[in-house]
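# Structure assessment
The residues making up each chain are set out below.
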Amino acid sequence: MVSLRRILPPALPLLIEKIHKLRLNKLKLNRLSTSRLQWASRRGNGVILLPLSLFVFAATFQLGLPGLHYDEAKEAGVNAMEMLTGAPITAFRDAEITLFGHSLPLMVQDYIGAANVYLALPVLKISGIGVPNLRFLSIGTALLAMICLALAISEWMCVKELHSIRPHAAPHGLRGLQRPQHKLHMASLVTLMLLALSPSFVFWSRQGIYVTNLMQPLCFFCIWQGLRWLNRENTIAALLCAFSAGLAIYVKIQAAWIVGPFGLLLIGWMLLNRQCTVHLNLRVVISGGIAFLVPLLPLLLFDIQTNGLVDVLSTNASQSYYGINNADLVGNLAIRWSQLIQVLRGDQFWYLGGSFANRFAPIIAVVIIVVALWCDYRQILAPLLLFLLAFACSLFTISDLFINHYALLHPLLIALAGISLSIFLRVNWTLRDVSAAIALLSIALWVGADLFATVRYHAALEESGGLADHSDASYHLSYYLRNNGLGAPITLDWGIDAPVRYLTEGAVRPIEIFGYDSLAETDNNYAERLRLFIDNPDNVYLLHAPGQTIFEGRREEFYQEAEANGLTSVLEQVFVQRNQVPIYELWRVK
C-alpha cells in the first residue's frame, strides 16, 4: 500500500499537522472552563452543601447560649423590637429620618450603620422577639458570607488561569475564551471545609451582630464582582462591586480594611498587567462613584446631623478612647500577630466556659502558604497581598485592639490556606500522588481538630451558660425586673441597658446615668445626676458585681451620695452565673 506522505509534496504533511494542532489547541481552549479552570461539573456545586450543612449544625446548637451580649441588643435587637412593638425609637444620638410617619434610625454607633436593625425586622416579625430568633439572622449572614467567599475564590482561580494563557495562543485572544459559568473551584470547597467547623467562625457567627459579621458577605461579594468585572468585562459587575463596597463601609467603617486594599490591587492589576483587557473609562468611573456613594448616604446624613464620625476619627486618630497609641506600630504589630495566631487556634472564647485550641491550624497554614508560594506564586500572591494590606490596616484603631475585629479577616486567612492546599489537589490526582496525599492529610487533621474544639466548646457552654458580659444571668435579671414591675431601674454601669430592654420587649427601660467620658473615673456631673433619683425610695439601681465592673468609680460615689443624704444603700438582689459567680447587683436606698 502506497503511503500518502510519498504522494503529497514534502511540505504539505507538515502543514496538515500544524492545522491539526491548531484545531486541538482551539478545542482545549474552548473546554478550558470545564477542565482546567473548574474542579467539577454539577457534582462540584452540589458538594458545597456538605460544609454548609456542617456549619449550620455546629452554629445552631443551643442557640440561646451564651447570654445576649450588649452589642447584639444595641446594634440590632432594641431598635428592631421598638419598631415592631410601636415603642418610641431610641435612635443613636437622636439621628433619624421620618418616612411615612415612621422614625428610622440612621446609625447604631458613630461608625456602625443600622443595616442589621432593618434586616432583623422580618426575622423577628416572623419568629417573634427572642435571642435565638435574633441569632438566626447572624447565621444566615454567615452562610451568605461562605457562599460569596467561595464564588470569589472560584472567580480568582478563573482569572489566574485565563491570564496565564498567552493572548496569541488563543484563537481570538483572551476575549475569545469561553468563561466558566456557575461552577466552583476545588479551592472554594477546601476553604469552606476549613471554615465550617472552625471555632472562630462558628462562635463568632452565632453572635454575628456582636462582631458585625454583615461586613463579611458584603466584602466578599465586592471581591467577587470586582473579579467578574476583571474577568468578563461586565460593567454591571463593576457597579455591583462599587455598591457593595459602599454598603460594607456603611455597615461598619472597619470594612475599609478589605475594600480599600482590594480597590488598590484591582486598579494596579489593570494598569500593570498587559494581558488585562479591562480599562477604566469616564462612564465607569462616574457610575461606579455614584454606586459607591448611594449606600453611604445615611452615614453622610448622620454626620451632617451629629458630626459623630468626624469627631470620633479626629479625637481617636493618634490615641484611641481605650488608650491605644496608633503610632506604636511595633507594639500594635506584636499584639495583632499574637491575636492572628490565636484566631487560627480558636482558643479566644474563654467566656463560653473554657479555652480549646486547634494547635495544628497555625502550623499547617504557615507551612502550606509558604510552600504554595514556592510552587505556584502566581495563584497565591495577590490574595496574600490583599490579606497583608488588610492586616496592616488593623494595626490602627479608634477603639481598642479587640481580637473580635479579626472576625472580618479570619475567612480571608482561611481562603489563603484553601487556595494553597488546592494547588496540591489536581483534577486527576490519585493517592499515589504524594502532594495530594499530604494536602488531604492536612485538611483532615485541621478539620478534625476544629471539630474536637467546637464540640468541647459546646459542652463547656452548656455547663457555664456563658461568663461575664456573655452570661445568661441577664435573662434572670430581665425576668426579675419585668415580673416585679421595676420598669425604670437606674443603671450605674455599661452593658446592662440594651439586653434588658430587648429581653423584656421594652417593658423595662433602664435609665443610664453613669456617663461615658472616662472608664476610670466619674465626670463632674455624675453626683448631680444621682441626686435626681436618690431621694425616691422606689428607685432601684443596677450595678455589676465587684470584679465585673466596666466603668470604675460609679459604685463608690453612689455610696457616698447616699450617705451624704442621710440614707443607706441596701443590696437587695444578686444575680449570678451558673458557677455562682455574681454578675449583677440590684440596690435600693433607704
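Residues numbered from 1 in each chain as written. Predicted model: local features only at pLDDT ≥ 70, side-chain atom pairs only at ≥ 80, totals over all residues. Heavy atoms only, no water.

### Comments concerning the overall build of the chain
Formally: Helix and strand assignments come from DSSP, with helices taken as H or I runs of at least 4 residues and strands as E runs of at least 2, each series counted from the N terminus. The classification of residues rests on relative accessible area computed with a 1.4 Å probe and restricted to protein chains. Under 20% of the type maximum is buried, over 50% is exposed, and intermediate values are partly exposed. Whether two residues are in contact is decided by their heavy atoms: any pair within 4.5 Å suffices. Using the Shrake-Rupley algorithm and a 1.4 Å probe, accessible areas are obtained, with residue cover drawn only from the displayed protein chains.
Along its length, the chain carries 23 helices and nine strands. Per-residue burial for the chain yields a buried fraction of 53% across its 590 residues. Partitioning the contacts of the chain with sequence separation of at least 6, the portion at a separation of at least 24 is 76%. Accessible surface, the chain: about 26,900 Å² in total, of which carbon and sulfur atoms supply 63%.

### Points about the confidence of the model for the chain
We apply this condition: The quantity known as pLDDT measures the predictor's confidence residue by residue, on a range of 0 to 100.
This prediction gives the chain a mean pLDDT of 88; 86% of its residues lie at or above 70. Scored below 50 in pLDDT, residues 1-9 shows five contacts in the model against residues more than four places distant or in partner chains. Residue range residues 165-180 is modelled with pLDDT below 50. Its contacts to residues more than four positions away, or to other chains, number 33 contacts.

### Regarding the nonpolar core
Convention followed: Joining through side-chain atoms within 4.5 Å is the link that ties buried Ala, Val, Leu, Ile, Met, Phe, Trp, Tyr and Cys residues into a set, and such a set is a nonpolar core.
Phe55, Leu194, Phe220, Ile223, Ile258, Leu409 and Trp446 are the most contacted members of the largest nonpolar core, which totals 137 residues. Among the elements that make up this core, the one with the highest residue count is helix 7 (residues 131-163) (15 residues). The residues touching Leu194, leaving out its near neighbours within four places in the chain, are Ile414, Ala417, Gly418, Leu421, Ile443, Trp446, Val447 and Asp450. Residues Tyr480, Val500, Val508 and Leu586 belong to the second largest nonpolar core, which totals 14 residues.

### Some details on the side chain of Asn116
Note that Asn116 resides in helix 6 (residues 115-127). The residues touching Asn116, leaving out its near neighbours within four places in the chain, are Glu75, Ala76, Leu137, Ile209 and Leu214.

### A few points about the pairing of strand 7 (residues 540-544)
To keep things clear, this is the line we draw: Strands qualify as paired when DSSP identifies two bridges or more between them.
Strand 7 sits mainly inside the fold: five of its five residues count as buried. Pairing of strand 5 (residues 490-491) with strand 7, which is carried by two bridges, proceeds in the parallel orientation. When the bridges of strand 7 are listed, Ile490 appears paired with Tyr541.

### Details of the pattern of salt bridges
What counts, and what does not: The rule for a salt bridge is simple: a side-chain nitrogen of Lys or Arg has to be within 4 Å of a carboxyl oxygen of Asp or Glu.
Tallied over the full model, the rule gives eleven salt bridges. Note that Glu72 and Arg135 form a salt bridge whose closest N and O atoms lie 2.9 Å from each other. Residue Glu72 is found in helix 5 (residues 70-85), and its partner Arg135 is found in helix 7; the two are separated by 63 residues along the sequence. For the residue pair Glu72 and Arg135, the accessibility class agrees, reading buried in each case.

### Re the environment of Ile423
With respect to the secondary-structure elements, Ile423 resides in helix 18 (residues 410-423). Residue classification places Ile423 among the buried positions, given a relative accessible area of 2%. In this structure, the C-alpha to C-alpha distance between Ile423 and Asp376, residues 47 residues apart in sequence, is 7.7 Å. With near-sequence residues (within four places) excluded, Ile423 lies in contact with Ala372, Asp376 and Gln379.

### Some thoughts on the sheet that holds strand 8 (residues 569-576)
Our working rule: A fitted line through C-alpha atoms represents every axis, and for helices the fit uses only the stretch in contact; the resulting angles, taken between N-to-C directions, go from 0 to 180 degrees.
Read from one edge of the open sheet, five strands run 6-5-7-9-8, paired in mixed fashion. The open sheet is flanked by strand 6 (511-512) and strand 8, the only strands paired with a single partner. Here helix 20 (residues 473-483) sits on the sheet and contacts strand 7, strand 8 and strand 9 (582-589); the angle it forms with strand 8, its principal contact strand, is near 130°.

### Concerning the packing of aromatic side chains
We count it as follows: Stacked, edge-to-face and tilted labels apply to pairs of Phe, Tyr and Trp rings (six-membered ring for Trp) whose centres lie within 6.5 Å, assigned for plane angles under 30 degrees, over 60, and everything in between, in that order. Two conditions define a charge sitting above a ring: the NZ of Lys or the CZ of Arg must be within 6 Å of the ring centre, and it must be within 35 degrees of the ring normal.
Within the structure shown, the criterion is met by 24 aromatic pairs. Between Phe92 and Phe302 the ring centres are 6.1 Å apart and the planes differ by 20°, which places this aromatic pair in the stacked class. Of the two residues, Phe92 sits in the loop between helix 5 and strand 1 (96-99) while Phe302 sits in helix 14 (residues 297-306), which places them 210 residues apart along the sequence. Of the two residues, Phe92 and Phe302, neither departs from the other in class, the shared state being buried. Where Tyr321 meets Tyr322, the ring centres are 5.1 Å apart and the plane angle is 90°; that geometry is what we call edge-to-face. With a relative accessible area of 37%, Tyr321 lands in the partly exposed category. Joined through ring pairs, the aromatic side chains of Phe203, Trp204, Phe349, Trp350, Tyr351, Phe356 and Tyr457 make up one cluster. The positively charged end of Arg336 is found above the aromatic ring belonging to Tyr406, 4.8 Å away from the centroid.

### Topic: helix 16 (residues 329-345)
Threshold: To estimate how far a helix should reach, multiply one less than its number of residues by 1.5 Å.
Taking 1.5 Å as the rise per residue, helix 16 with 17 residues should run 24 Å; its terminal C-alpha atoms sit 24 Å apart, in good agreement. Looking at helix 16, one finds that the buried residues are Asn332, Arg336, Gln339, Leu340, Ile341, Val343 and Leu344. Buried residues belonging to helix 16 abut helix 9 (199-206), helix 12 (256-272), helix 17 (360-393), helix 18 and helix 19 (434-464). Once helix 16 ends, the next one or two residues include Gly346, with phi positive near 80°.

### Re the environment of Gln109
Within the fold, Gln109 resides in strand 3 (residues 107-109). The class of Gln109 is buried, set by a relative accessible area of 19%. Sequence spacing of Gln109 and Gly308 is 199 residues, and the spatial spacing of their C-alpha atoms is 8.8 Å. Ignoring anything within four residues of it in the chain, the contact list for Gln109 reads Lys74, Glu75 and Phe92.

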